[in-house]
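# Topology and contacts: notes
Below, each chain spelled out in residue letters.
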Amino acid sequence: MPSHIQNFPITDLSHFTITESQYRLSVLEHTLRLLKRWCARLRLQKSECADSYTQKFGYQLELGSGLLTSYERVIKLVDSCLLEFPNDEITLKLKYLALQTADLSIPIQELLQHQIGVTELVTDDMKKTNHFSSVTLNTDDNLLLCTVSGISTSNPVKAIQYIYKHRRDSNIHPTPSEEILFYALAQIMDKSGYFNLPYKPWITSGFRDHQTYMSITDPGEGHLDGTLLSSKYLQGVIVHIEHLERGVKIPRKSLEPYRIPSPKTISRIRLALGNDAPSSSYVGRPMFDGVSVDFSMLKTIRTFSAALTSLFATGLSECKLSIEGLTARQAIIFMQGICSQTQYDSTRQVLSAAFCINSPIVDDRGNNPVEVTDPYKIALLGIDLVAEGGFSKITWDGTADTYPSKCFIEQIPTDKALTLVHKAHEHGLLTYFSAGFRFHHIHKTVLTGVDGIGIGGAQILRLMDSSNGHHGPFLTSNIENILKYRNEAEISRHGKQVRALCRLDRLAYERSISAEENELRNFLFSSLSSGKVLENHDVDIESILSLSNDVDDPITSASRRLLTRSHIFKNLHRETWEKYKPILQKGVFYGDRELMLEVHRALVKAMPLAEFTNAS
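Values in this document were obtained by computation on a predicted structure and should not be read as measured data.

## Quick word on the overall build of the chain
- Counting its secondary structure elements, the chain contains 23 helices and 15 strands.
- Its C-alpha atoms give the chain a radius of gyration of 26 Å, near enough to 25 Å, the size a compact globule of 616 residues would have.
- Taking the principal axes of its C-alpha atoms as reference, the chain extends roughly 80 × 55 × 50 Å.
- In the chain, buried positions account for 58% of the 616 residues.
- Considering only contacts within the chain whose residues lie at least 6 apart along the sequence, 74% involve residues at least 24 apart.
- Charge separation in the chain, taken as the distance between the mean sites of 66 positive and 69 negative side-chain charges, equals 1 Å.

Structure, rendered in structure tokens:
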């Protein structure tokens, strides 16, 4: 038996049925995706270089639901593609498939055969390799009968995620039958409104496999056709979903440069991704009624909390909100309100606050409000606001009215960028830079210790028509280069010292740091912020780097670390530690993450970091 068949043992089988209505809707969605994929391939073939790329049509908003509107959506795109590529044979075949799907008199057995045939034409890499499919599709009157080999389960989500993980690990694209099943199951998810998808959380700063995660960013289709198709694209990556296309002449104050992606697209990405990498989505900046921000705060908080609750339910690791158009006081109220009203697991899922360094903030927390306009001071202010607001991550965004954006690391010098990360880590916050990143920015940005770098859009992962801002095909192969530049920076001597600083900052936040380690932390920061590696401390730094990476969620990992390093409290805050130690042990034993979190908050409050300086 060929080895590729052994990957899916035929002794383990799962059976599922899809109704005719769900199947027809899934065919139209799949046809739309195949059409976009095919047109992207044709555009790449005709584009000699990125600078000369042209694209007449931009993103088209999807309207309505049901078979007829889905069919009309496909035909509208077909007509646009035929204007660009007249009489293209495969485009015409896809149009005919859509026509058959919308015709209820066509038996679904005939429809299935046409769908498989057209999918094989578009997915020519699968046709060439002729890999065994784990999915067998048949029909019975008005049902699509699906059999999956290799897994025995009554849960179709587990079955499809099993398939996609095996394909990723083997660096093989899903077969036509597997892809057809994927879109059929997506329709079931749409109708049920319920998700129970496993996900991978952010791992603790300093204790991950990579300190700096590349946030591979796309509205979604690039992920489905690129990022999610190989495990090598997910190493030290967070799959970020965000609508990027905004045009070139609209001020960011009038039109948000980043916008929320399609919730249905998010669910499909989560369905394919499983827990192979963390995933995140942008949600938006708060929208208030015109009368008063304060009076409409209740409505805005509850509206956004409802959206966040729905997105977190799909298994996203993170959701990002832009804190823009608010004073410092209003920002704190908004974030605290979001934390209060959103249904999510605050120990494993992350609320992220984005601050644009080019958008002034009025700091009205005291009696004399002051407008903060300096980008670096805005970034520093953001740390305090996020910590008080209760979010877990701060994003510093460098967008302005220019497009493409000027890179963040060109607006904030690397020494100040490292300082921002260092101070945020002391507050236990994850950190993130976005706007304008290209290949040559990655190395020096990694050396700031930032937890994530936003990479995507027209800068590095898509072609763009410079005359109108329309985004073109996703450039999957660029992901490998992105990760190569990141890895090279991390394994350098400078990079290893930055990682050590991030670990020490995390230990400092957890209060699991010794006086000697805290002294090393201060030496490292002083040296690295001046652009130099620290000399004569190699043994101490290697000792910190030899600590094991975390495998649990952040609060469980922090709790285990505190318990294993409790010798630190022999001569420091001994009574406080003896009070909380048994409670922390109980939380770890029973897996009560919320209890662990409350104990940690109490310890941080009772043990000021400054008192760890001369303890011994």
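Picking up after the structure, the text goes on.
## A look at the layout of surface pockets
- Of the volumes computed, that of the second largest pocket is approximately 840 Å³.
- What lines the second largest pocket is a set of 34 residues, among which Phe-391, Ser-392, Gly-428, Tyr-509 and Leu-597 lie closest to the centre.
- For the lining of the second largest pocket, the secondary structure elements donating two or more residues are helix 13 (375–389), helix 18 (493–510), helix 21 (554–564) and helix 23 (593–606).
- Tallying contributions element by element places helix 23 first for the lining of the second largest pocket, with 5 residues.
- Per-class residue counts for the lining of the second largest pocket are 17 nonpolar, 11 polar and 6 charged.

## Considering the nonpolar core
- Core analysis: the largest hydrophobic core is formed by 121 residues, its most contacted members being Tyr-23, Met-214, Met-335, Ile-338, Phe-355, Trp-396 and Ile-455.
- Among the elements that take part in this core, helix 2 (residues 20–46) stands out by supplying 9 residues, more than any other.
- Apart from the residues lying within four places of it in its own chain, the contact partners of Tyr-23 are Ile-18, Ile-108, Leu-111, Leu-112, Gln-115, Leu-144 and Ile-180.
- Formed by 34 residues, the second largest nonpolar core is a distinct cluster that contains Leu-501, Cys-502, Leu-507 and Trp-577.

## Considering the environment of Thr-414
- For Thr-414, the location among the structural elements is in helix 15 (residues 414–426).
- Given a relative accessible area of 35%, Thr-414 falls into the partly exposed group.
- Put simply, Thr-414 and Thr-31 are 383 residues apart on the chain and 47 Å apart in space, counted from C-alpha to C-alpha.
- Apart from residues no more than four positions distant in its own chain, Thr-414 is found in contact with Ile-409, Lys-444 and Thr-448.

## Side note on empty space enclosed by the protein
- Scanning the model with the defined rule gives 5 cavities of 30 Å³ or more in all.
- There is about 80 Å³ of room inside the second largest cavity.
- Every residue lining the second largest cavity is counted, 15 residues in all, and those nearest its centre are Tyr-258, Tyr-282, Ser-322, Ala-354 and Asp-397.
- Sorting the residues of the lining of the second largest cavity by element identifies strand 7 (318–322), strand 8 (350–356) and strand 11 (393–397) as the ones contributing at least two each.
- Ranked by residue count, the leading element in the lining of the second largest cavity is strand 8, at 3 residues.

## Remarks on unusual backbone geometry
- Positive phi, normally seen in glycine, also occurs at Asn-87, with a value near 60°.
- Inspection of the secondary structure assignment puts Asn-87 in the loop between helix 3 (67–84) and helix 4 (89–102).
- Here Asp-141, not a glycine, exhibits a phi torsion of approximately 60°, which is positive.
- Here Asp-141 lies in the loop between strand 2 (135–140) and strand 3 (143–149).

## Comments concerning the sheet that holds strand 3
- Taken in spatial order, the 3 strands of this open sheet run 1-3-2, and their pairing is antiparallel. Only two strands of the sheet have a single partner each, and these edge strands are strand 1 (13–19) and strand 2. Across the sheet, the axes of successive neighbouring strands diverge by a mean angle of 20°, strand direction being ignored.
- Relative to strand 3, strand 1 is paired through 7 bridges, and the arrangement is antiparallel. Its bridge partner lying in strand 3, Ile-18 is registered against Leu-144.
- Helix-sheet contacts for helix 2 involve strand 1 and strand 3, and the interaxial angle to strand 1 is about 90°.
- In the packing of helix 8 (residues 176–192) onto the sheet, contacts are made with strand 1, strand 2 and strand 3, and the angle to strand 2 comes to roughly 60°.

## Concerning the pattern of salt bridges
- Scanning all chains against the criterion turns up 34 salt bridges.
- Arg-37 serves as the salt-bridge partner of Glu-179, at 2.7 Å between the closest nitrogen and oxygen. You can see Glu-179 sitting in helix 8 and its partner Arg-37 sitting in helix 2, a full 142 residues away along the chain.
- Salt-bridge contacts for Glu-178 lead to Arg-167; the nearest nitrogen and oxygen are separated by 2.8 Å. Taken together, the residues Glu-178 in helix 8 and Arg-167 in helix 7 (residues 156–169) connect sequence positions 11 residues apart. Each member of the pair, Glu-178 together with Arg-167, is buried.
- Because the salt bridges share partners, they merge into one network encompassing Arg-33, Lys-36, Arg-37, Glu-179, Glu-221 and Asp-225.

## Describing the packing of aromatic side chains
- Throughout the structure, instances matching the rule amount to 12 aromatic pairs.
- Between Phe-288 and Phe-334, the aromatic rings sit 6.5 Å apart at their centres with planes inclined by 65°, giving edge-to-face as the arrangement. Of the two residues, Phe-288 is situated in the loop between strand 6 (279–284) and helix 11 (297–313) and Phe-334 in helix 12 (residues 328–341); the sequence distance between them amounts to 46 residues.
- A ring pair is formed by Phe-439 and Tyr-485, whose centres lie 5.5 Å apart and whose planes are at 50°; its orientation type is tilted. Of the two residues, Phe-439 sits in helix 16 (residues 439–446) while Tyr-485 sits in helix 17 (residues 478–491), which places them 46 residues apart along the sequence.
- Residue Phe-439 is classed as partly exposed on the basis of its relative accessible area of 26%.
- Looking at Arg-208, its charged tip hangs above the ring of Tyr-213, at a distance of 5.4 Å from the centre.

## Topic: the sheet that holds strand 5 (residues 237–241)
- The strand order 4-5-6-7-8-11-12-13 describes a closed barrel built from 8 strands, whose pairing is parallel. If you compare each strand with its neighbour and ignore which way they point, the axes differ by 25° on average.
- In terms of strand pairing, strand 5 meets strand 6 through 3 bridges, oriented parallel. Its bridge partner being in strand 6, His-240 is matched across the sheet by Ser-280.
- Each of strand 7 and strand 8 touches helix 12; the most contacted strand, strand 8, lies at about 160° to it.

## Regarding the state of the cysteines
- Within the structure shown, the criterion is met by 0 disulfides.
- Here Cys-356 stays unpaired: no disulfide links it, and the sulfur of Cys-407, its closest cysteine neighbor, is 14 Å away.

## Here's the deal with the packing of helix 16 against helix 17
- At a closest axis distance of 8 Å, the pairing of helix 16 and helix 17 adopts a crossing angle of 30°. The angle between the axes of helix 16 and helix 17 places the two elements in the roughly parallel class. Crossing of helix 16 against helix 17: the hand is right-handed. Touching Phe-439, Ile-442, His-443 and Val-446 of helix 16 are Asn-478, Asn-481, Ile-482, Tyr-485, Arg-486, Ala-489 and Glu-490, all from helix 17.

Criteria and thresholds
- Residues numbered from 1 in each chain as written.
- Predicted model: local features only at pLDDT ≥ 70, side-chain atom pairs only at ≥ 80, totals over all residues.
- Heavy atoms only, no water.
- Helix = DSSP H or I, 4+ residues; strand = E, 2+ residues; numbered from the N terminus.
- Rg over C-alpha atoms; globule rule 2.2 N^0.38 Å.
- Buried < 20%, exposed > 50% of the residue type's maximum accessible area, 1.4 Å probe, protein only.
- Contact = heavy atoms within 4.5 Å.
- Lys, Arg positive; Asp, Glu negative; His and termini not counted.
- Charge placed at Lys NZ, Arg CZ, Asp CG, Glu CD.
- 1 Å grid on protein atoms, 1.4 Å probe; cavity = no way out; pocket = protein on both sides within 12 Å on 5 of 7 lines; lining within 4 Å.
- Points joined across faces, edges and corners; volume = space filled by probe spheres on them.
- Nonpolar A, V, L, I, M, F, W, Y, C, P; charged D, E, K, R; others polar.
- Core = buried A, V, L, I, M, F, W, Y, C linked by side-chain atoms within 4.5 Å.
- Pairing = 2+ DSSP bridges.
- Axes fitted to C-alpha atoms, helices over the stretch in contact; angles between N-to-C directions.
- Salt bridge = Lys/Arg side-chain N within 4 Å of Asp/Glu carboxyl O.
- Phe/Tyr/Trp six-rings, centres within 6.5 Å; stacked < 30°, edge-to-face > 60°.
- Lys NZ or Arg CZ within 6 Å of the ring centre and 35° of its normal.
- Disulfide = S-S within 2.5 Å.
- Parallel < 35°, antiparallel > 145°, perpendicular 65-115°, else oblique.
- Left-handed = near helix turned anticlockwise from the far one by under 90°.

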